[in-house]
Amino acid sequence: KAFDHELKQSYAFTVVATDSNDSTKKATKSFTVNSIDVNDNAPIFGSKGLLTSSVQENTTGTVIYVSDAKDNDVSKEFNTIAYTLDGVDKSYFAIDANTGKVTLSKAFDHELQQSYAFTVVATDSNDSTKKATQSFTVNSIDVNDNAPVFTGGASKDLTLNEGATEIYTAAA
């Protein structure tokens, strides 16, 4: 069976040699074998599936997500993770490469787009082929940030027939 440093760092055993002609004659020797950690684990996220959140439009600096990825390698040399963003809407977000904290860096405009998607990529700092991803969707919460606008013009001359009950229908 192969050693797994993450499960057990050392193994102790004793070898007993017995004289085949006289079982009372024995020699014993104890051994300890220490395993050496290797970079054999990729990062993994604790949260599974697509994560969602909602953020009010026109706000920046809001913390959207803090990564819960970890690398099960025991030694610091092999369990350091670097974080990046991927996805079509990644330009709206910033990520701290060391902590995986994602913040909103560009304000949403709910009238233009109602949801934004990105992926957090956790990469083993010592082996870029070892990585994990976590997908995220952020929904924009609309705020009352637009004044009404007349679509047919702000003023209009009207001619009314005597007894008319409707003067003008405004569309905004």
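Topic: the sheet that holds strand E9 (residues 101–104)
Within a sheet, neighbouring strands are paired by backbone hydrogen bonds and run either parallel or antiparallel to one another.
Next up, step 1: The strand order across the open sheet formed by three strands is E5-E9-E8, and the pairing between neighbours is antiparallel. Where the open sheet ends on each side, the last strands, each with one partner, are strand E5 (63–66) and strand E8 (93–95). Ignoring strand direction, the axes of neighbouring strands in this sheet form an average angle of 20 degrees.
Next up, step 2: Where E5 lies against E9, three bridges are found, and the strand directions are antiparallel. In the strand pairing of E9, Val63 is matched with Thr103.

Looking at the packing of aromatic side chains
Next up, step 1: All chains considered together, the criterion is met by nine aromatic pairs.
Next up, step 2: Their ring planes at 40 degrees and their centres at 4.7 Å tell us that Phe3 and Tyr11 sit as a pair that is tilted.
Next up, step 3: Given a relative accessible area of 52%, Phe3 falls into the exposed group.
Next up, step 4: Here the aromatic residues Tyr65, Tyr92, Phe93, Phe108, Tyr116, Phe118 and Phe136 are joined through ring pairs into a cluster of three or more.
Next up, step 5: Above the face of the Tyr92 ring, Lys106 is positioned so that its terminal group lies 4.5 Å from the ring centre.

Some words on the pairing of strand E7 (residues 81–86)
Next up, step 1: A one-sided burial pattern is seen for E7, the buried positions being Ile81, Tyr83 and Leu85 and the unburied ones Ala82, Thr84 and Asp86.
Next up, step 2: Alignment of E7 against strand E10 (residues 115–124), held across six bridges, turns out to be antiparallel. Bridging across to E10, Ile81 finds its partner in Asp124.

What about the sheet that holds E7?
Next up, step 1: The strand order across the open sheet built from four strands is E4-E11-E10-E7, with neighbouring strands paired in mixed fashion. Of all the strands in the sheet, just strand E4 (51–56) and E7 have a single pairing partner and so form its edges. Averaged over all pairs of adjacent strands, the angle between their axes in this sheet comes to 30 degrees, without regard to strand direction.
Next up, step 2: Where E10 lies against strand E11 (residues 131–141), nine bridges are found, and the strand directions are antiparallel.

Description of the nonpolar core
One broad rule of soluble globular proteins: the nonpolar side chains tend to lie buried together.
Next up, step 1: Core analysis: the largest hydrophobic core is formed by 21 residues, its most contacted members being Ile64, Phe93 and Phe118.
Next up, step 2: At the level of elements, E4, E5, E7, E9, E10 and E11 are the ones that each hand at least two residues to this core.
Next up, step 3: At four residues, the largest contribution of residues to this core is made by E10.
Next up, step 4: Sequence-distant contacts of Ile64, that is, excluding residues within four places in its chain, are made with Val55, Phe93, Val102, Thr103, Leu104, Phe118, Phe136 and Val138.

Digging into the side chain of Asp124
Next up, step 1: In this fold, Asp124 is placed in strand E10.
Next up, step 2: This buried residue, Asp124, is left without a salt bridge; Lys130 holds the nearest opposite charge, at 5.7 Å.

Cut-offs applied
- Residues numbered from 1 in each chain as written.
- Predicted model: local features only at pLDDT ≥ 70, side-chain atom pairs only at ≥ 80, totals over all residues.
- Heavy atoms only, no water.
- Pairing = 2+ DSSP bridges.
- Helix = DSSP H or I, 4+ residues; strand = E, 2+ residues; numbered from the N terminus.
- Axes fitted to C-alpha atoms, helices over the stretch in contact; angles between N-to-C directions.
- Phe/Tyr/Trp six-rings, centres within 6.5 Å; stacked < 30°, edge-to-face > 60°.
- Buried < 20%, exposed > 50% of the residue type's maximum accessible area, 1.4 Å probe, protein only.
- Lys NZ or Arg CZ within 6 Å of the ring centre and 35° of its normal.
- Core = buried A, V, L, I, M, F, W, Y, C linked by side-chain atoms within 4.5 Å.
- Contact = heavy atoms within 4.5 Å.
- Lys, Arg positive; Asp, Glu negative; His and termini not counted.
- Salt bridge = Lys/Arg side-chain N within 4 Å of Asp/Glu carboxyl O.

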